[in-house]
Amino acid sequence: MRVPQQGFPRQLRLLNAGDFSHVFEQADLKVHGKGMMALVRLSTRGHPRLGLVVSKKNVKRAVDRNRFKRLVRESVRLRQDYLPSVDIVVLARRGVQDIDNDTLHRQLHGMWKRLQRDAQAVIAAPTPKRDT
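None of the values given here were measured: they were computed from a predicted structure.

The rules behind these values
- Residues numbered from 1 in each chain as written.
- Predicted model: local features only at pLDDT ≥ 70, side-chain atom pairs only at ≥ 80, totals over all residues.
- Heavy atoms only, no water.
- Core = buried A, V, L, I, M, F, W, Y, C linked by side-chain atoms within 4.5 Å.
- Buried < 20%, exposed > 50% of the residue type's maximum accessible area, 1.4 Å probe, protein only.
- Helix = DSSP H or I, 4+ residues; strand = E, 2+ residues; numbered from the N terminus.
- Contact = heavy atoms within 4.5 Å.
- Pairing = 2+ DSSP bridges.
- Axes fitted to C-alpha atoms, helices over the stretch in contact; angles between N-to-C directions.
- Right-handed = clockwise from strand over helix to strand, strands pointing away.
- Salt bridge = Lys/Arg side-chain N within 4 Å of Asp/Glu carboxyl O.

Brief notes about the nonpolar core
By size, the foremost hydrophobic cluster in this structure holds 28 residues, and its most contacted members are Leu50, Phe68, Ile88, Val90, Leu104, Trp112 and Leu115. Residue assignment for this core shows that the elements contributing at least two residues are strand 1 (29–33), strand 2 (36–42), strand 3 (49–53), helix 2 (62–79), strand 4 (86–92) and helix 3 (101–124). Ranked by the residues each element gives to this core, the list is headed by helix 3, at six residues. Contacts of Trp112, omitting those with residues within four sequence positions, involve Ser75, Val76, Arg79, Leu83, Ile88 and Val90. One finds Val23, Met37, Leu39 and Val89 within the second-largest nonpolar core, a separate group that totals seven residues.

Written as structure tokens, this is what we have:
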């Protein structure tokens, strides 16, 4: 087993609006957790990439938005070797600032496990034939 990298390099991030819209427009999976939701699009890059959407409307205080983003990034960084090759956009919902760090870690861990399982099912499923 390889030791995960200590940083969160650019290759693990969704960097521009095109990357985000690609996931929003054609998400293959949705994974829900308490106070958050992840939209997932399969990719062929060989590693996961993460994007975060945390609006002021849903999370008022900057300190709460930053804490959420830091915890999600850390969670992905630690599990990057176990996650499939996908682009993930995590959306914060109202009330996420009221969840303590331990609960948030457990929620994220459960979401990544469901993501792995669901992504395997989508990959294994035969693609439907379309009439042209």
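Still more ground to cover, so stick around.
Focus: the sheet that holds strand 3
Taken in spatial order, the four strands make up an open sheet running 1-2-4-3, and their pairing is mixed. Because the sheet does not close on itself, it has two edges, and the strands there are strand 1 and strand 3. Mean inter-strand twist for the sheet, computed between neighbouring axes without regard to direction, equals 20 degrees. Bridging between strand 1 and strand 2 involves five bridges; their strand directions are antiparallel. Bridged to Val31 within strand 2 is Ala38. The strands touched by helix 2 within the sheet are strand 2, strand 3 and strand 4, with strand 3 carrying the most contacts at an inclination of about 165 degrees.

Some words on the pairing of strand 4
Counting buried residues in strand 4 gives seven out of seven residues, a clear majority hidden from the surface. For the handedness criterion, the β-α-β arrangement of strand 3, helix 2 and strand 4 is classed as left-handed.

Thoughts on the pattern of salt bridges
Across all of its chains, the model carries six salt bridges by this definition. When the shortest N-O distance is used, the salt bridge between Arg49 and Asp19 registers 3.6 Å. Note that Arg49 is positioned in strand 3 and Asp19 in helix 1 (residues 17–25), a separation of 30 residues in sequence. A single burial state applies to Arg49 and to Asp19, both of which are buried. Shared partners join several salt bridges into a network, and the residues in it are Asp19, Arg49 and Asp87.

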